[in-house]
Amino acid sequence: QQKVAARRRAAGESSPDDFLALSSAVGDAWPALQQSANRDAHALSTMEYRDGSLRLRFRPGQQPSPDAARKLLAERRLSLAVGSEADGWLIRSVQ
C-alpha cells in the first residue's frame, strides 16, 4: 500500500492526509464550529502541517468545544486528538 500511495503522489494525485485536503475539510467545518462555540474568526492562532496531520492552536480562552469539533470533523472523515491549550488540536485523516 505504501508503494501504491508513493506512486500516486509521484503522479500528482492527492491523498486524504495532504495539507490541501486536511485544511479544506477543516475550513469547511470551521463556520459551523465557530457558530456553535460562539467564537469569532480570530479564535485560531496557528495552523501547522506536519507528517500528514494538521495542528491547530487557539488564542487563550478561545478553544471551541472538542466534542462539537469531533462530530463535525468525523463527518469529514477526520479524527481529533486534543492536547493542552498550548498543544492545541491534532487533526488527521481517518482514510
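Up top is the structure.
Predicted model, so just to flag it, every value in this text is computed and none were measured.

A.B. asks: Is there a simple way to think about the sheet that holds strand 1 (residues 44–50) in this case?
C.D. replies: Strands sit in the order 1-2-4-3 across an open sheet of 4 strands; the sheet is antiparallel. The sheet is open, and its two edges are formed by strand 1 and strand 3 (78–82), each paired on a single side. On average, adjacent strands in this sheet sit at an angle of 20 degrees to one another, irrespective of strand direction. With 6 bridges joining them, strand 1 and strand 2 (residues 53–58) adopt antiparallel strand pairing. From the neighbouring strand, E48 faces strand 2, where its bridge partner is R55. Sheet strands touched by helix 2 (residues 19–37): strand 1, strand 2, strand 3 and strand 4 (89–93). Its angle to strand 2, the strand with the most contacts, is close to 35 degrees. The sheet strands contacting helix 3 (residues 66–74) are strand 3 and strand 4, and the helix crosses strand 3 at an angle near 160 degrees.

A.B. asks: Help me understand the pattern of salt bridges in this model?
C.D. replies: A side chain of one charge can pair with a side chain of the opposite charge when the charged atoms of the two come close. This model, assessed by the stated rule, comprises 6 salt bridges. When the shortest N-O distance is used, the salt bridge between R50 and E48 registers 3.3 Å. Residue classification places R50 among the exposed positions, given a relative accessible area of 52%. Of the charged contacts, one joins R70 and D67 as a salt bridge, the two residues approaching to 3.7 Å between their closest N and O atoms. Of this pair, R70 and D67 both sit in helix 3, 3 residues apart, roughly one helical turn. With a relative accessible area of 36%, R70 lands in the partly exposed category. Salt bridges linked by common partners bring D28, K71, E75 and R76 together as one network.

Criteria and thresholds
Residues numbered from 1 in each chain as written. Predicted model: local features only at pLDDT ≥ 70, side-chain atom pairs only at ≥ 80, totals over all residues. Heavy atoms only, no water. Pairing = 2+ DSSP bridges. Helix = DSSP H or I, 4+ residues; strand = E, 2+ residues; numbered from the N terminus. Axes fitted to C-alpha atoms, helices over the stretch in contact; angles between N-to-C directions. Contact = heavy atoms within 4.5 Å. Salt bridge = Lys/Arg side-chain N within 4 Å of Asp/Glu carboxyl O. Buried < 20%, exposed > 50% of the residue type's maximum accessible area, 1.4 Å probe, protein only.

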